[in-house]
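Breakdown of the fold
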Amino acid sequence: DWRSPGQSWVKTGEGWKKTTNDDNLMNNNVLDRKSYSKEDHDKENLILSINHDVAAKKRKKDLLNNNKVPYFHKDMWIYVHKGSTKERHGYCTLGEAFNRLDFCSAVKDTRRFNYVVRLLELIAKSQLPSLSGVAQKNYMNILERVVQKVLEDQQNVRPIKELLQSLYASLCILVQDMGKSVLVGNINIWVYRMENILLWQQQLDNIQINRPTNSGMSLLDLPASIQLNIMQRLSDGRDLVSLGQVCPDLSLLTEDRLLWKKLCQYHFTDRQIRKRLMVSDKGQLEWKKMYFKLCRCYPPKEQYCDTLQFCTHCHILFWKDTEHPCTANNPESCCRPVSPQGFITLFRF
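Since we're looking at a predicted model, the values are computed, not measured.

Now for the packing of helix H5 (residues 133-153) against helix H6 (residues 157-175). H6 packs onto H5 with a crossing angle of 150° between their chain directions and a minimal axis gap of 10 Å. Here H5 runs over H6; the crossing is left-handed. Across from Tyr-139, Leu-143, Val-146, Val-147 and Val-150 in H5, the residues of H6 making contact are Val-157, Ile-160, Leu-163, Leu-164 and Leu-167.

See below:
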């Protein structure tokens, strides 16, 4: 190298010019100040915009917390895929599904009430420890809405009692294993929730259904054929037993063999009925006794006015009376109803 140490050459309009380290340091400082000034300006604007967004989100969160208004996604559907993970598109949790499908508002809808209650019951019996902390919190919030609706309307008391009883029995077992991380959260929080469940059970036991003040026509004023026709619309044999305890006339009608036969044929298959035949001393089939025996051996048929639908083409879960952005040529052929048990299996707990 013919250049001496500490020298460098810069090409200018007049030709190559020799510079020293001091000149290079001065030129570099000038260039750095120019570049840094622009970079610092951009960074400052970026920081200010981030701080503005954070402050706006915080104000929105504080406003929602102060007003105690739950925030729900505007779309009443959710994308679900069984093969999805957190790293792949399509992953969702049960807590997210509770919010996006707006289960808190679904409780207020009479058509969806039994569906939501059945879903809560299935989760209480087996899936509660598998829920995330957010999902467990949402579960208790929905349960509180259910109890409040029953206390206000004085309807569907029995299924809610059974739900609370199943949930309390499961929590009694799970709370004992809190040291093994069975449930998410502090033990005191779950003890407080169990106390609320006991309080709800007491409030449900103290419900006194008021007799309607309307003095018009009642069920007893109708002909016996119409009364039987109305009884055939009841899908639970326990409702028939309760109805028969009102008065002797209704008790006689609720013992109708054809009524219990249709009830058995509605809930159970012919093969199941043949396995549990019960014959009286007179040689007649005891349909009423067979019904309750079949209920102990097989799950009764479930029927709901409104259910969740799953689009097999788009992998979207939505309520029956709401729409979703389906891209299929025939959207109706791609949708199938989802039972409460099927809803649970769609999510990876």
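This next bit is on the sheet that holds strand S4 (residues 308-311). Spatially, S3-S5-S4-S6 is the arrangement adopted by the 4 strands of the open sheet, whose pairing is antiparallel. Pairing within the sheet leaves two strands with one partner each, and these edge strands are strand S3 (77-79) and strand S6 (335-338). Neighbour to neighbour, the strand axes of the sheet diverge by 25° on average, direction disregarded. In terms of strand pairing, S4 meets strand S5 (residues 316-319) through 4 bridges, oriented antiparallel. Each bridged residue has a counterpart across the sheet, and for Leu-308 the counterpart in S5 is Trp-319.

A word on unusual backbone geometry. Of all residues except glycine, most have a negative phi; of all peptide bonds, most are trans. A positive phi is found at Asp-102, a non-glycine position, where the angle reads about 55°. Mapping Asp-102 onto the fold places it in the loop between helix H2 (94-100) and helix H3 (103-106). Overall, the relative accessible area of 10% leaves Asp-102 in the buried class. Even without being a glycine, Gln-154 presents a positive backbone phi close to 60°. Relative to the elements of secondary structure, Gln-154 occurs in the loop between H5 and H6.

Aromatic ring pairs are described here by two measures, namely the spacing of the ring centres and the angle between the planes. All told, the structure shown has 9 aromatic pairs when counted by the stated rule. Measuring from centroid to centroid gives 5.3 Å for Phe-98 and Phe-103, while their planes differ by 75°, and the two rings are edge-to-face. Judged on exposure class, the residue Phe-98 and its partner Phe-103 are both buried. Consider the rings of Tyr-115 and Trp-319, whose centres lie 5.8 Å apart with planes at 70°: the pair is edge-to-face. Here Trp-319 lies in strand S5 and Tyr-115 lies in helix H4 (residues 110-127), a separation of 204 residues in the sequence. By relative accessible area, which is 0% here, Tyr-115 ends up buried. The class for Trp-319 is buried, based on a relative accessible area of 0%. One aromatic cluster is present, built from ring pairs that chain together Phe-98, Phe-103, Tyr-115, Tyr-304, Trp-319 and Phe-343. A cation over an aromatic ring shows up here: Arg-112 above the ring of Trp-319, its NZ or CZ 4.4 Å from the ring centre. The positively charged end of Arg-193 is found above the aromatic ring belonging to Trp-190, 4.5 Å away from the centroid.

Cut-offs applied
Residues numbered from 1 in each chain as written. Predicted model: local features only at pLDDT ≥ 70, side-chain atom pairs only at ≥ 80, totals over all residues. Heavy atoms only, no water. Axes fitted to C-alpha atoms, helices over the stretch in contact; angles between N-to-C directions. Helix = DSSP H or I, 4+ residues; strand = E, 2+ residues; numbered from the N terminus. Left-handed = near helix turned anticlockwise from the far one by under 90°. Contact = heavy atoms within 4.5 Å. Pairing = 2+ DSSP bridges. Buried < 20%, exposed > 50% of the residue type's maximum accessible area, 1.4 Å probe, protein only. Phe/Tyr/Trp six-rings, centres within 6.5 Å; stacked < 30°, edge-to-face > 60°. Lys NZ or Arg CZ within 6 Å of the ring centre and 35° of its normal.

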